[in-house]
Amino acid sequence: MQRAALISTKELWAHGHGTSHPMRPERLRMTCELLQAYRAFEDSRSQMLTPSPASDDALTLWHTSEYIDAVRRLSAGDAQVSPAKYNLGPGDNPVFPGMYESEALKVGASLLAARLVAGQEVDVAFSFAGGLHHAMSGHASGFCVFNDAAIAIRWLAKQGKRVLYVDVDAHHGDGVQAAFYDSDQVMTISLHECGHYLFPGTGFVEELGRVAGRGYSVNVPLLPYTPDDVYLWAFEQTVLPLAASFAPDVLVTQLGIDTHFEDPLAHLALTTAGFGSVVRAFRDMGLPWVALGGGGYNVHTVARAWTLAYGIMSDQTFADEIPETYREAYGDHRLRDSVGPEPRARDTAQAREYAERQVKSLQQLLGPDRFGA
Ligand SMILES: [Zn+2]
């Protein structure tokens, strides 16, 4: 059994974007409750650990001091600060009471995960409240205030680690890509729904990095309705060979589950089986592993998928029948999907053809040796 930790405390969902916003705090609460219903923390090699908030020093690993100060003041109700200047306000990134505390705690959770993994205290740590991959250095974006992924990776890089970041959220991991666009010490790979169809509109194969970082930023855009088999094929053709040739010290993954066919915001067509295969592939890389959460806007799916993910991380197999306490509270009966998407032959054929073209372009742009050829 791997030594695994879930970084969690109810403070992570005490404040939040509100019940009418897709980033509902119960995503986190329900995941934690489902894991507890499965008694996921009974073995001494599987622990739940409490984070503390990231300091301003830690936040400046990626964010500007001006932005950090603005978030703190807006969070406390300071009317002198213009939220719009920082892309905060009504819409995707509302200001909410306790925003600074809540979002700094999410960063603290991912930093704790990075420290535990770097210090070899655990083999894998899952900061499921993190993965807020869109936040830019000086402004909020796409429900993300502070970019815990960029900060945790910067911290690992400062310890001298070569870091492989793989982002399987439905949206392009643009903030993390931007943070390491010049670096050859951190390789970022993002698989996502193509920017022509989905926020943030970036993440094309030509975005390869610059100067020393050229060739260390990798994007695999996919068409709406891409199903499990096409997704897994693209993953195996890109992530596995690129990871092998990069030879990282640490793996950081963003495990957004808005790729699921029932997600209300994105249009990919993965099931919990496909997502589980991706998580198992990460597990099988055998690297020290910092796992982060991410998107996912069907709260029932989020709780099931991340519970499955933690089971794979900690080598526990959870029964498919959901424990009674959770089932009675939320009405979910099965941990794994019992139905899948309705495949439409034309969509599947187009998705496959598009994925093949993207992989071929990447092989040409990056060179065959990076793919083990
Ligand atoms: Zn997303």
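The rules behind these values
- Residues numbered from 1 in each chain as written.
- Predicted model: local features only at pLDDT ≥ 70, side-chain atom pairs only at ≥ 80, totals over all residues.
- Heavy atoms only, no water.
- Salt bridge = Lys/Arg side-chain N within 4 Å of Asp/Glu carboxyl O.
- Helix = DSSP H or I, 4+ residues; strand = E, 2+ residues; numbered from the N terminus.
- Buried < 20%, exposed > 50% of the residue type's maximum accessible area, 1.4 Å probe, protein only.
- Expected span 1.5 Å × (residues − 1).
- Pairing = 2+ DSSP bridges.
- Axes fitted to C-alpha atoms, helices over the stretch in contact; angles between N-to-C directions.
- Contact = heavy atoms within 4.5 Å.

Participant: Quick question: what am I supposed to make of the pattern of salt bridges here?
Facilitator: Side chains bearing opposite charge may pair, as long as their charged atoms lie close to each other. In this structure the tally under the stated criterion is 19 salt bridges. Across the salt bridge formed by R283 and D315, the nearest N and O atoms sit 2.8 Å from each other. Here the residue R283 occupies a position in helix 8 (residues 272-284), and D315 occupies one in the loop between helix 9 (299-313) and helix 10 (324-330), the gap between them amounting to 32 residues. The class of R283 is partly exposed, set by a relative accessible area of 22%. D315 sits in the partly exposed class, given a relative accessible area of 36%. Measuring nitrogen to oxygen at the nearest pair gives 3.7 Å for the salt bridge that ties R334 to D320. Here R334 is found in the loop between helix 10 and helix 11 (345-366), whereas its partner D320 is found in the loop between helix 9 and helix 10, with 14 residues between them in sequence.

Participant: Whenever I open this one, helix 4 (residues 99-118) confuses me. Can you help?
Facilitator: Helical geometry note: an α-helix holds 3.6 residues per turn, so side chains three or four residues apart project in the same direction. Between the first and last C-alpha of helix 4 there are 29 Å, a value that for 20 residues agrees with the 28 Å anticipated at 1.5 Å per step. Burial analysis of helix 4 places 17 of its 20 residues in the buried class, the great majority of the element. Positive phi appears at Q120, one or two residues downstream of helix 4, with a value of about 55 degrees.

Participant: How should the sheet that holds strand 1 (residues 4-7) be read in this particular structure?
Facilitator: Each strand in a sheet pairs with another by means of backbone hydrogen bonds, the pair being arranged parallel or else antiparallel. The sheet built from eight strands is open, its strands ordered 2-1-3-8-7-4-5-6 with parallel pairing. In the strand order of this sheet, the two ends are held by strand 2 (46-49) and strand 6 (217-222), each with one partner. If you compare each strand with its neighbour and ignore which way they point, the axes differ by 15 degrees on average. Bridge count for strand 1 against strand 2 is four bridges, and the pairing is parallel. Across the sheet, the residue bridging to A5 is Q47, located in strand 2. Each of strand 4 (163-167), strand 7 (250-254) and strand 8 (289-292) touches helix 8; the most contacted strand, strand 8, lies at about 160 degrees to it.

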